[in-house]
Amino acid sequence: MKISIIGAGNVGGKLGKLWAEKGHTIIYGVRNPLTPKVQTILQETGHSATAELVKNAVQKSDVAVLATPWEAVGEVVFQLVGLQGKILVDCTNPIHPNPDWPLAQESSAAEEIAKRLSGFKVVKAFNTIGAENFSDLTFGVLHADAFMCGDDAEAKKIVSQLAKDIGFDAVDVGNLRSAEMLESLAKLWLTLAHQQGIGSNIAFKLLHK
Ligand SMILES: NC(=O)c1ccc[n+]([C@@H]2O[C@H](COP(=O)([O-])OP(=O)(O)OC[C@H]3O[C@@H](n4cnc5c(N)ncnc54)[C@H](OP(=O)(O)O)[C@@H]3O)[C@@H](O)[C@H]2O)c1
């Protein structure tokens with residue numbers, strides 16, 4: 001699958017490397033493909049990964065993964081308006097307020113993005129666990145869950161497979177209205193890991209009997 005990754009940072013760089021190892025084609029969508037930082041990510045990713053300006057990268061891909069700070073989302077979305085038929089995986093967490101793009105009460109980053117990008121099938125995913133865990137998602141005999149939600153069943157099926165490709169179990173949490181819960185779950189993860197001092201080697205798991 002051709003995957004564009006907007007934001008080659010902690011989340012984007014790690015997901016890109018892991019998916020490239022599984023045979024997916026990675027195109028990072030960046031502000032400047034020639035910076036040393038981007039060149040380093042390309043080297044680390046290997047497998048003929050490339051970097052392009054954001055819109056070009058998304059145009060060339062089947063699935064776009066949004067992994068920038070929430071504060072940058074307005075600028076990114078502005079470049080993508082008008083593109084059609086892509087899946088957009090929103091990994092962002094609106095931890096810090098974005099004064100240019102305030103979130104309506106009871107809304108979520110993912111829903112706001114979907115409102116503005118009507119040509120995209122938005123799936124919220126990969127936001128409820130620290131990126132430092134992506135390279136090893138096993139916890140004893142269990143695998144960390146990738147909770148996801150979205151309004152398009154086929155898009156969620158594809159994102160579930162991408163999650164499983166890198167070692168997650170996938171849990172469908174329903175339609176995009178559930179994104180608010182997933183963004184709150186990320187706040188719980190951050191509180192446990194940092195404020196409560198448990199550390200970042202933790203993950204959420206849905207247990208069944
Ligand atoms: N870190 C985690 O463990 C974690 C886990 C789950 C979800 N999240 C969420 O995922 C998102 C990314 O987090 P992160 O930790 O990966 O952040 P990060 O390491 O700071 O990386 C952010 C990336 O976004 C790029 N970027 C910023 N503005 C951009 C723009 N306008 N256009 C294109 N690229 C832009 C940055 O590029 P430059 O180098 O050019 O600035 C950088 O590569 C955040 O919303 C965060 O809340 C983080």
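Residues numbered from 1 in each chain as written. Predicted model: local features only at pLDDT ≥ 70, side-chain atom pairs only at ≥ 80, totals over all residues. Heavy atoms only, no water.

**Description of the nonpolar core**
So, point 1. Counting 65 residues, the largest nonpolar core has Trp19, Tyr28, Leu80, Ile113, Phe126 and Phe168 as the members making the most contacts within it.
So, point 2. In this view, Trp19 contacts Ile3, Ile5, His24, Ile26, Val65, Phe126, Leu162, Asp165 and Ile166; residues no more than four positions away in its chain are not counted. (Core = buried A, V, L, I, M, F, W, Y, C linked by side-chain atoms within 4.5 Å. Buried < 20%, exposed > 50% of the residue type's maximum accessible area, 1.4 Å probe, protein only. Contact = heavy atoms within 4.5 Å.)

**Describing the site of the ligand**
So, point 1. Taken together, the neighbourhood of the ligand is formed by 24 residues, with Val11, Arg31, Lys37, Thr68 and Ala131 sitting nearest.
So, point 2. Measuring from an oxygen atom of the ligand, one finds a backbone N or O atom of Val11 at 2.8 Å.
So, point 3. Between an oxygen atom of the ligand and a main-chain N or O atom of Thr68, the distance comes to 2.8 Å.
So, point 4. Its free accessible area being 900 Å², the ligand has 76% of it covered by the protein chains.
So, point 5. Looking at the shell around the ligand, the elements that each hand over two or more residues are α1 (10-21) and α4 (73-80).
So, point 6. Its residues assigned to classes, the shell around the ligand comprises 12 nonpolar, 8 polar and 4 charged. (Near = heavy atom within 4 Å. Polar contact = N/O pair within 3.5 Å; in protein donor to acceptor, adjacent residues only side chain to side chain. Areas by Shrake-Rupley, 256 points an atom, 1.4 Å probe, with all protein chains shown as cover. Helix = DSSP H or I, 4+ residues; strand = E, 2+ residues; numbered from the N terminus. Nonpolar A, V, L, I, M, F, W, Y, C, P; charged D, E, K, R; others polar.)

**Some remarks on the environment of Met181**
So, point 1. By the element assignment, Met181 lies in helix α7 (residues 179-195).
So, point 2. Distance from Met181 to Pro99, taken between C-alpha atoms, is 22 Å for residues 82 residues apart in sequence.

**A closer look at unusual backbone geometry**
Generally, phi is negative for residues other than glycine and the peptide bonds are trans, each holding for most cases.
So, point 1. In this structure, His47 is a non-glycine residue whose phi angle is positive, near 50 degrees.
So, point 2. With respect to the element layout, His47 can be found in the loop between α2 (36-45) and β3 (50-53).
So, point 3. Despite not being glycine, Ser48 has its phi angle at roughly 60 degrees, a positive value.
So, point 4. Tracing the sequence through the fold places Ser48 in the loop between α2 and β3.

**Details of the packing of aromatic side chains**
So, point 1. For the structure shown, the criterion picks out 4 aromatic pairs.
So, point 2. Geometrically, the ring pair formed by Trp19 and Phe126 is edge-to-face, given 5.7 Å between the ring centres and 70 degrees between the ring planes. Here Trp19 is found in helix α1, whereas its partner Phe126 is found in the loop between β6 (120-124) and β7 (138-139), with 107 residues between them in sequence.
So, point 3. Relative to Phe168, the ring of Phe134 has its centre 6.1 Å away and its plane inclined at 70 degrees; by these criteria the two rings are edge-to-face. (Phe/Tyr/Trp six-rings, centres within 6.5 Å; stacked < 30°, edge-to-face > 60°.)

**Some thoughts on the pattern of salt bridges**
So, point 1. Within the structure shown, the criterion is met by 11 salt bridges.
So, point 2. Two residues, Arg177 and Glu180, come together in a salt bridge whose shortest N-O distance is 3.3 Å.
So, point 3. Given a relative accessible area of 40%, Arg177 falls into the partly exposed group.
So, point 4. Salt bridges here are not isolated pairs; linked through shared partners, they connect Asp90, Lys124 and Glu183. (Salt bridge = Lys/Arg side-chain N within 4 Å of Asp/Glu carboxyl O.)

**Some points on the sheet that holds strand β1 (residues 2-6)**
So, point 1. Reading across from one edge, β3-β2-β1-β4-β5-β6-β9-β10 is the order of the 8 strands in this open sheet, with mixed pairing throughout. A single partner strand is all that each edge strand has here, and the edge strands are β3 and β10 (169-172). Along the sheet, successive strands turn relative to each other by an average axial angle of 30 degrees, direction set aside.
So, point 2. By the bridge criterion, 4 bridges tie strand β4 (residues 63-66) to strand β5 (residues 86-90) in an arrangement that is parallel. Within β5, the position partnered with Val65 by the bridge is Val89. (Pairing = 2+ DSSP bridges. Axes fitted to C-alpha atoms, helices over the stretch in contact; angles between N-to-C directions.)

**Remarks on the environment of Glu75**
So, point 1. Position of Glu75 among the secondary structure elements: in helix α4.
So, point 2. For the pair Glu75 and Asp100, spaced 25 residues apart in the sequence, the C-alpha separation amounts to 9.8 Å.

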